[in-house]
Amino acid sequence: MKKTLLALAIASISTSAFAVDTSSQNSKNDEMFAFDPMHKDQFSVSGSVGVGGYYDTGSKAFYDDWATGLTLAVNYRNNRVVGYFETDFMLNYTTDSETKPIANGSGPATDVDKAWLGFDTGFGIASFGWENDTALDAVDGAGDNTYEFGASAGDASDGFNVVKFQGSTSGFAYGVSYFETGDDHVAADKGVNGYIGIEQEIFNVYAGYETRDEAEYDVMTVTGNVKLGAVKLGANFWIEDGDASDLTGRNLGNKENTGYYLSAGFAATEDLTLAAGYAANTKEIATIETDYSYVNVAAMYTLAKNMDMGIDVRQDLDAGAADEETYVFAAGYYYF
């Protein structure tokens, strides 16, 4: 699961303005289907401005990959009717387009990242979104305490035409979603994913699954974390199983990717958090197995109530046939 601009804002060590509430609330009106006249007080607007980017020793280039930009989000609640709309105004750049080309070209871009409308049932929120996170995306990286280079199962992340039910009650968490992989309903692949979990004050643990219709592709994952005073430990485990022609574009037989990621975070001070992680996975294509592993260390610092920054450094330990490289990501955000 790649941490996008919004994901970084939500995962930030400061209290984020983007804390989208998808848990059920007691409605001020006991009538299940009460709907008040639309009023400006039912809307709240928040946002962030971020500057960030990457560097790696392989390309020796600095590149943005959409980490720099402005995000605007609108939350809506009218008794049990809820909604969310978020758009990103992003900048993409690279210092060396030959060694690190930008997939969609350099320069500014805009993207409607999420747009959904839902109903609070009291046990969770049922929603339909033109574009939205899928259910599994909420928990597949629960064991990552670092800033950017954590590893987790390759779920669908943002999907299109997402029908989702997600909530928690009495310490149990659950979510299920139907999604399409593109905005073209006819051409897009269809899939479902979901999770169940236990959420307590000290620990959280989740089990999730995803399968897709046309692609022979399945994901199983177990994630979790535990708080031990100023230390937080986490782990992600996953198995991806599918047809290589679906996953790599080459017909080489079955492909399986089995891996895990372990991480720890330490609140050194009220404003500074240090973290480290270790990832290892084995990819099997046909009868050939290849091992990969890396370590990453990160630091996250709160500059003010609405400002924070972070840096994450990854070092490959085993990159298969490729060279072991070092990767750096750094970013800073202002929330309003």
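Residues numbered from 1 in each chain as written. Predicted model: local features only at pLDDT ≥ 70, side-chain atom pairs only at ≥ 80, totals over all residues. Heavy atoms only, no water.

**A look at the overall build of the chain**
Then step 1. The secondary structure content of the chain amounts to two helices and 17 strands.
Then step 2. Per-residue burial over the chain gives 43% buried out of 336 residues.
Then step 3. Looking at the chain alone, contacts between residues at least 24 apart form 55% of all its contacts between residues at least 6 apart.
Then step 4. Of the roughly 16,700 Å² that the chain leaves accessible, carbon and sulfur atoms contribute 59%. (Helix = DSSP H or I, 4+ residues; strand = E, 2+ residues; numbered from the N terminus. Buried < 20%, exposed > 50% of the residue type's maximum accessible area, 1.4 Å probe, protein only. Contact = heavy atoms within 4.5 Å. Areas by Shrake-Rupley, 256 points an atom, 1.4 Å probe, with all protein chains shown as cover.)

**Here's the deal with the confidence of the model for the chain**
Then step 1. Per-residue pLDDT for the chain averages 87, and the proportion of residues at 70 or more is 86%.
Then step 2. Low pLDDT, under 50, characterises residues 1-19; the predicted model gives this stretch 59 contacts beyond four residues in sequence or across chains. (pLDDT = per-residue confidence, 0-100.)

**Notes on the packing of aromatic side chains**
Then step 1. Overall, the coordinates contain 14 aromatic pairs when judged by the stated rule.
Then step 2. Measuring from centroid to centroid gives 5.6 Å for Tyr54 and Tyr63, while their planes differ by 10°, and the two rings are stacked.
Then step 3. Given the relative accessible area of 8%, Tyr63 is considered buried.
Then step 4. When the ring of Tyr84 is compared with that of Trp116, the centres are 6.4 Å apart and the planes differ by 35°; the resulting orientation is tilted. Within this pair, whereas Tyr84 is found in strand S4 (residues 81-92), its partner Trp116 is found in strand S5 (residues 107-120), the two being separated by 32 residues in sequence. Each member of the pair, Tyr84 together with Trp116, is buried.
Then step 5. Positioned over the ring face of Tyr292 is Lys283, at 5.4 Å from the centre of the ring. (Phe/Tyr/Trp six-rings, centres within 6.5 Å; stacked < 30°, edge-to-face > 60°. Lys NZ or Arg CZ within 6 Å of the ring centre and 35° of its normal.)

**Digging into the pairing of S4**
Then step 1. Counted residue by residue, S4 has nine buried out of 12 residues, so it is predominantly covered.
Then step 2. Of the pairings in the sheet, the one linking strand S3 (residues 68-78) to S4 comprises 11 bridges and is antiparallel in character. Directly across from Arg77, in S4, lies its bridge partner Val82.
Then step 3. Taking the residues between adjacent antiparallel strands as the criterion, S3 and S4 are bridged by two residues, where Asn79 takes a positive phi near 55°.
Then step 4. As paired strands, S4 and S5 are joined by 12 bridges and run antiparallel to one another. Looking at S5, one finds that Phe85 is bridged to Ala115. (Pairing = 2+ DSSP bridges.)

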